[in-house]
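Inside the fold
Spelled out from the first residue to the last, the chains are:
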Amino acid sequence: MNILIVHAHENADSFCSALANIAKSTFEKEGNKVTISDLYKKNFNPVGGKHDFKKISDASYYKYASEQIHAQQNNLFSDDLREEMELLSKADVLIFNFPLWWFSMPAILKGWVDRVLAYGYAYGGDYGFYDKGRFSGKKAFLCVTTGSPANFYTETGSHGRTLAAILKNIHQGILGLIGFEVLPDFVAYGVSRITDVERKTILENYMTYIQKNFQ
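These notes cover the structure that comes with them. In this text the structure is predicted, and so the values were computed from the model without any measurement. (Residues numbered from 1 in each chain as written. Predicted model: local features only at pLDDT ≥ 70, side-chain atom pairs only at ≥ 80, totals over all residues. Heavy atoms only, no water.)

Now for the packing of helix H1 (residues 15-29) against helix H7 (residues 196-213). Interhelical geometry of H1 versus H7 gives an angle of 40° and a closest axis separation of 10 Å. Comparing their axes, H7 and H1 come out oblique. Regarding H1 and H7, the two cross each other, and that crossing is right-handed. Contact residues: Phe15, Ala18, Leu19, Ile22, Ala23, Thr26 and Phe27 in H1; Arg199, Ile202, Leu203, Tyr206, Met207, Ile210 and Gln211 in H7. Its residues assigned to classes, the contact of H1 with H7 comprises eleven nonpolar, two polar and one charged. (Axes fitted to C-alpha atoms, helices over the stretch in contact; angles between N-to-C directions. Helix = DSSP H or I, 4+ residues; strand = E, 2+ residues; numbered from the N terminus. Parallel < 35°, antiparallel > 145°, perpendicular 65-115°, else oblique. Left-handed = near helix turned anticlockwise from the far one by under 90°. Contact = heavy atoms within 4.5 Å. Nonpolar A, V, L, I, M, F, W, Y, C, P; charged D, E, K, R; others polar.)

See below:
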């Protein structure tokens, strides 16, 4: 299989980065090909705009989504977007690897979604939604680190809901919408407040998660 890990943490020494690296090594041990798209290392621009296109259409009114489908039809996406799109097109499994920020993903990853999952490329045009989506038959999941401990993420906890409920917009509104089969999240809770032994256990659990879901 081809695995694409879209990684959104600026610190290569972070536990979030350690999770990306252990996923890579675990998948590779099973003979898979793994690419980590490290958005901070690439200095990925999260802001969509006219710079996404090598040339824009002659339409009298500029509309971002219309330019996306025009670029798809005429091979006019910028080189940075084309690189990410080619990686995604080849992937059998997509993993978003990120720290939870404000109940969601960091801006750099949201920008990847906005720019790379373009109209005409990931949805629209020749592609429908959900089981008719472009990526139907492929799998995706989220690998997430949090600052708060696990007991905060229950219906009776401090946040008043589970993390799965918090992340539903990503599960359904992004990954599921374009056809991916969305697997349960792998979550490392409260990683800045736990011991090295506990972190080692989480890494081992992640290896088991991957082996269980992708044998």
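Now, onward.
With that settled, consider unusual backbone geometry. Despite not being glycine, Trp102 has its phi angle at roughly 50°, a positive value. Position of Trp102 relative to the elements: it lies in the loop between strand S3 (93-99) and helix H4 (107-116). Residues other than glycine seldom take positive phi values, yet Phe103 does so here, at roughly 65°. Counting through the fold element by element, Phe103 comes out in the loop between S3 and H4.

All right, on to empty space enclosed by the protein then. If you walk through the whole model with that rule in mind, you get one cavity of 30 Å³ or more. Of the volumes computed, that of the largest cavity is approximately 50 Å³. What lines the largest cavity is Met1, Thr26, Phe27, Glu30, Asn32, Ile210, Gln211, Phe214 and Gln215. Of all the elements in the fold, those that place two or more residues in the lining of the largest cavity are H1 and H7. (1 Å grid on protein atoms, 1.4 Å probe; cavity = no way out; pocket = protein on both sides within 12 Å on 5 of 7 lines; lining within 4 Å. Points joined across faces, edges and corners; volume = space filled by probe spheres on them.)

On to the side chain of Asp185, then. The residue Asp185 is located in the loop between strand S5 (181-182) and strand S6 (186-188) in this model. Buried within the structure, Asp185 lacks any salt-bridge partner; its nearest side chain of opposite charge belongs to Lys168, at an N-O separation of 12 Å. In this structure, Asp185 is in contact with Leu142, Ala164, Leu167, His171 and Tyr209, ignoring residues within four places of it in sequence. (Buried < 20%, exposed > 50% of the residue type's maximum accessible area, 1.4 Å probe, protein only. Lys, Arg positive; Asp, Glu negative; His and termini not counted. Salt bridge = Lys/Arg side-chain N within 4 Å of Asp/Glu carboxyl O.)

The topology assignment puts Pro106 in the loop between S3 and H4. Exposure remark for Pro106: the relative accessible area of 0% places this residue in the buried category. Taking C-alpha positions, Pro106 is 23 Å from Phe135, a pair spaced 29 residues apart along the chain. Dropping the residues within four chain positions of it, Pro106 is found in contact with Ala8, Tyr40, Phe98, Pro99 and Trp101.

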